[in-house]
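Chains, contacts and geometry: an overview
Below, each chain spelled out in residue letters.
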Amino acid sequence: MAEMIATRQAYGEALLELGEKNKNIVVLDADLSKSTTTAKFGKKYPDRFFNMGVAEANMVNTAAGLATCGKIPFVSSFSIFATGRTWEQVRNTICYSGLNVKIVATHSGVSVGPDGASHQCIEDISLMRTIPNMTVIEPCDAVETKKSILAAVDYKGPIYIRLGRAAVPVITNKAAPYTIGKADILRMGEDVAIVACGALVANSLMAADTLLKEGIKATVVNMHTIKPLDQETLVKVAMQVNAMVTAEQHVLDGGLGSAVATSLARVYPIPIEMIGIDNRFGQSGEPDTLFKEYHLMPEDIALAAKKAITRKKK
Amino acid sequence: MKIAQRLDNKSLAERSKVIRRHIIRMLARAGSGHPGSSLSTVELLVALYYNKLRHNPQLPAWPDRDRFILSKGHACPALYAILAELDYFPLEKLDTLRQFGSILQGHPCMKTTPGIEISGGSLGQGLSVGLGIALAAKLDKKNYRTYVMLGDGEIEEGQIWEAAMAASHYKADSLCAILDQNGLQIDGFIHEIMSSHPIPDKWRGFGWHVMEIDGHDFKAILNAYDEAEKVKGRPTIIVAKTVKGKGVSFMENQVDWHGKAPSKEEAERALAELK
Ligand SMILES: Cc1ncc(C[n+]2csc(CCOP(=O)(O)OP(=O)(O)O)c2C)c(N)n1
Ligand SMILES: [Mg+2]
C-alpha cells in the first residue's frame, strides 16, 4: 500500500525548507493557517508571515505590493476563498501586472468532505485558467506538491497551485524530474489514454490496472500543469491511442477536460470521455462516499475508457 | 532625485495650471476620459511630485524611491501629465492617451507607462497594494514612504476597510493615504448615493492618524505631508476637501463631468480659463 499524505501537508513542509534558503519568501494567510499548514512557516519565520485576518481580497493585493518590492509572496486560504472571493483582484492586480505572486490554495474538490458544498471548490481551475498570464497547477501527491512549490519559486510570474485536504496515496517518486508545463506519462498503452490531474491520477492508475485485466492497455498521463497545457505530449499521445478519458475533481465546464478538448479539437480531434462533476454542487459526506456519488472512482474511469474506445472510428 | 528643487507656492500654482491644460487637451483629443476626477487631484499631486516624493525619473525602478499609487485610477490623465512634465517619458506621448498602441492606457498600466507603480482601474485595490509595499519596506529596513490616493466614492468598497484594519494592525506608519474628497461619484453626490459620513471618525476608529485639509491649498497640503512623515506606529490619512472639476468653471461640482470628454469648443473655453 502506498503511503497516504495530504498535499497540503507537503506544502507546509516545503515552505519551511524554502524559508531557510530564500529570504525573499513571505507567506500570507487569512485565518486558516493551521488548515493550509502555513502556520508552520509562521512559527519559524514570524517576521515573514502575515496573518491578514478573514479578508482575502486585501490579502491578495497586499501580496501584490510585496511582489513589486522583490518579495516572493505565497498566499494561502481555501480554494473557494483564494480564487472565488478574490478573482477580480487576482485578475486586475496580479495577472494584468504579471506579478510574482504564488496562490497556493488547499481544500479543493469534493474530497474536502464533511464541510459540504460551501467549502468544496470545484470551479477554481476554470476561474484561474481563463486569466491571461496565469499558470495553473494541480499536483497529484505529496511528493509532486513539494516539487511544484520549489518550481514555483524559480518561475517568475503568477501561479495558482491547487491542493487538497484529504490524504492521498504517494504515487510519484522523489527522483523523477518535474517541469512546469511538461506532462508526466506514468504508463504506456496503445488502446486508450487517461489524462488526469490531482487525486484523480491515482484513481486513473487503478483504472488502468482494471482495464489491463480485461486486455485493454491504457496510457496514463499526469497533467499536473493545466495551464499552459502540454499540447505537444497531448497530441503525441492522442495520435498513438485515438481515444481519451480526462479525469478531474472539478466541474466539467472549464476544467482539465475542457482544456484538453479545446486543444485537441483544433489539432487532432478524437473521441474524449470526461470524468468530473457535471453541473452539480458538492455536499457533506466522507471523501470516499462523495467520490462514488460524483462518479470519480477507478471503475467510473475504466467504464469511460471503454466507452471512448467504442467511439473510435473504424 | 527631483526633490532637490523644491518649488515655492507660486511656482506650484503655475505648474498646476500647466497640468490642468494638459488634462483638458489630452481628454479632448482622446474623446473620452474623466476630467472632473482628474482636475480635483491636481494640487495634491503637484505638491507631492514636485516637493515631497523622493524619486528619479531617469531611474523609475530605483529601489529606495517613495511610491505613489493612484488607486482612483480613472484620474490617470493628471498623473500622466505630471510624469511627462517630470521627464518620465516625452511630453508628445500625452497626445496618444487612450489610443491603440499607446503607452498611456485608459487606466494605469505598470507594464507600459514608466513611473506607474501598479496597474489600476478597478476601485478599492490600491490601499492593499500600498500596505504590501509598506510591509516590504519594513522587512528590508528601508525608509521609503508609500502614498495612496483614494476617491471618496471608492472608499465605499469593503476592501478599503480590510486594508485600513490591516494597515493599522501592522503599524504601517510609512503608509499615507490621501483622500480626494470631492463629494461626488458617478451617479451623484456621495451623500445621496451612500451615507458614508463621518469619514474622519471612521478612519480614527480604524486606528489611523487623520488630518483634514483643503486639498487645493499648497501650504496645508505640504504641512500635511510633512506631519504624516512624523507619525509613528500607525498609518496616516489626509482627508482633503476638493472640488471635482476644479479650475474649469463649467465643470466644477458637476456630476456630468465625471467621465465625459470636452468637445473642441468646450476645451477651448476651458483652456481660456486656465491661461
Ligand atoms: C470596482 C469598480 N467598480 C466600479 C467602477 C466604475 N467607476 C469608475 S469611477 C467611479 C466612481 C468613483 O468615485 P470617486 O472614488 O469619488 O472618484 P472621483 O469622484 O474622484 O471620480 C466608479 C463607480 C470601477 N472603476 N471599479
Ligand atoms: Mg469623488
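All chains use their own residue numbering, which begins from 1 and follows the written sequence. Just so you know, chain letters begin at A and ligand numbers begin at 1, following the order they were written in. Two thresholds apply to this predicted model, a pLDDT of at least 70 for residue-level local features and 80 or more for giving and counting side-chain atom pairs, whereas whole-chain, interface and lining totals are computed over all residues.

1. Some remarks on the overall build of chain B
Strands are runs of DSSP state E lasting at least two residues, helices are runs of H or I lasting at least four, and both sets are numbered from the N terminus onward. Along the backbone of chain B there are 10 helices and 5 strands. In terms of overall dimensions, chain B has a C-alpha envelope of 50 × 45 × 35 Å along the principal axes. In this scheme the burial state of a residue depends on its C-beta neighbours within 10 Å: 20 or more other such atoms mean buried, 12 or fewer mean exposed, and anything in between means partly exposed; the C-beta positions come from the backbone. By residue count, 52% of the 275 residues in chain B fall in the buried class. Contacts are defined on C-beta atoms placed from the backbone: any two residues whose C-beta positions lie within 7 Å are in contact. For chain B, contacts bridging at least 24 residues in sequence account for 76% of all contacts bridging at least 6.

2. With respect to the interface of chain A and chain B
Tallying the contact residues gives 24 residues for chain A and 21 residues for chain B. A per-element tally of the side of chain A that touches chain B places helix 4 (residues 56-68) of chain A first, with 9 residues. Per-class residue counts for the side of chain A that touches chain B are 9 nonpolar, 11 polar and 4 charged. Here the term charged refers only to Asp, Glu, Lys and Arg, the term nonpolar to Ala, Val, Leu, Ile, Met, Phe, Trp, Tyr, Cys and Pro, and the term polar to all other amino acids, Gly among them.

3. Quick word on the domain arrangement of chain A
Residue and element names in this part refer to chain A. Segmentation of the chain into domains, including their bounds, is taken from an automatic or database domain assignment. Here the domain parsing of chain A yields domain 1 (4-169) and domain 2 (184-309). The interface of domain 1 with domain 2 comprises 27 residues on the first partner and 29 residues on the second. Classifying every residue of the side of domain 1 that touches domain 2 gives 13 nonpolar, 9 polar and 5 charged.

4. Some details on unusual backbone geometry
Phi is mostly negative for residues that are not glycine, and the peptide bonds are mostly trans. Along the chain, A:Lys227 connects to A:Pro228 via a cis peptide bond; the corresponding omega equals 0°. If you trace the backbone, A:Pro228 turns up in the loop between strand 12 (225-227) and helix 10 (231-241). Cis geometry is found at the peptide bond from B:His197 to B:Pro198, where omega equals 0°. Note that B:Pro198 resides in the loop between helix 7 (190-193) and helix 8 (199-205). With phi around 70°, B:Arg98 is a residue other than glycine that occupies positive phi space. Structurally, B:Arg98 can be placed in the loop between helix 4 (76-85) and helix 5 (126-139). Among the residues examined, B:Arg98 registers 19 C-beta atoms within 10 Å and is labelled partly exposed. Even without a glycine there, the phi angle at B:Asn253 is positive, about 60°. With respect to the helices and strands, the residue B:Asn253 is situated in the loop between strand 5 (236-241) and helix 10 (264-273). For B:Asn253, a count of 15 C-beta atoms within 10 Å puts it in the partly exposed group.

5. With respect to the site of ligand 1
In this entry, near means the residue's backbone-placed C-beta atom lies within 6 Å of the molecule or strand. Within the structure, ligand 1 sits among 20 residues, and B:Ser37, B:Leu123, B:Gly151, B:Gly153 and B:Glu154 are positioned closest to it. Per-class residue counts for the shell around ligand 1 are 4 nonpolar, 11 polar and 5 charged.

6. As for the nonpolar core
Joined through C-beta atoms within 7 Å, a set of buried Ala, Val, Leu, Ile, Met, Phe, Trp, Tyr and Cys residues constitutes a nonpolar core. Residues A:Val192, A:Ile194, A:Met244, A:Val245, A:Ala305 and B:Ile238 are the most contacted members of the largest nonpolar core, which totals 187 residues. Both domains that meet at this core, namely domain 1 (4-169) and domain 2 (184-309) of chain A, each give it at least three residues.

7. A word on the sheet that holds strand 4 (residues 72-76) of chain A
Residue and element names in this part refer to chain A. Paired strands, in this sense, are two strands between which DSSP finds at least two bridges. A sheet is described by the order of its strands in space; here 7 strands give the open sequence 3-2-4-5-7-6-12, paired in mixed fashion. The open sheet terminates on both sides in strands that have one partner only, identified here as strand 3 (49-51) and strand 12. Strand-to-strand twist across the sheet, computed as the mean angle between neighbouring axes with direction ignored, equals 20°. For strand 6 (residues 135-137) and strand 12, the ladder comprises 2 bridges, and the chain directions are antiparallel. The residue bridging isoleucine 137 from the neighbouring strand is threonine 225, located in strand 12. All axes here are fitted lines through C-alpha atoms, helices being fitted over the stretch that makes contact, and every angle between N-to-C directions spans 0 to 180 degrees.

8. So, the sheet that holds strand 5 of chain B
Residue and element names in this part refer to chain B. Sheet architecture is open: 5 strands sit in the order 1-2-3-5-4, paired in parallel fashion. Each of the sheet's edge strands pairs with one partner strand only, and the pair in question is strand 1 (67-70) and strand 4 (209-214). Averaged over all pairs of adjacent strands, the angle between their axes in this sheet comes to 20°, without regard to strand direction. As paired elements, strand 4 and strand 5 share 6 bridges and run parallel to each other.

9. A few points about helix 6 (residues 158-169) of chain B
Because an α-helix packs 3.6 residues into every turn, residues spaced three or four apart end up facing the same way. Taking 1.5 Å of rise per residue, 12 residues should cover 16 Å, and helix 6 of chain B covers 17 Å from first to last C-alpha, within 8% of that figure. Residues of helix 6 of chain B that are buried include every one of B:Gln159, B:Ile160, B:Glu162, B:Ala163, B:Ala164, B:Ala166, B:Ala167 and B:Ser168, and no others. Summarising the contacts, the buried residues of helix 6 of chain B are in contact with helix 4 of chain A together with helix 5, strand 2 (146-151), strand 3 (175-181) and helix 8 of chain B. Downstream of helix 6 of chain B by a residue or two, B:Lys171 has a phi angle that is positive, lying close to 50°. Take the residue count of a helix, subtract one, and multiply by 1.5 Å to get its expected span.

10. Some words on helix 1 (residues 9-30) of chain B
All names here are of chain B. Spanning 22 residues, helix 1 covers 31 Å between terminal C-alpha atoms, matching the ideal 32 Å at 1.5 Å per step. The set of residues buried in helix 1 consists of Arg15, Ser16, Ile19, Arg20, His22, Ile23, Ile24, Met26, Leu27 and Ala28. At its buried positions, helix 1 is contacted by helix 2 (35-39), helix 3 (42-51), helix 4 and helix 10. Positive phi appears at glycine 31, one or two residues downstream of helix 1, with a value of about 80°.

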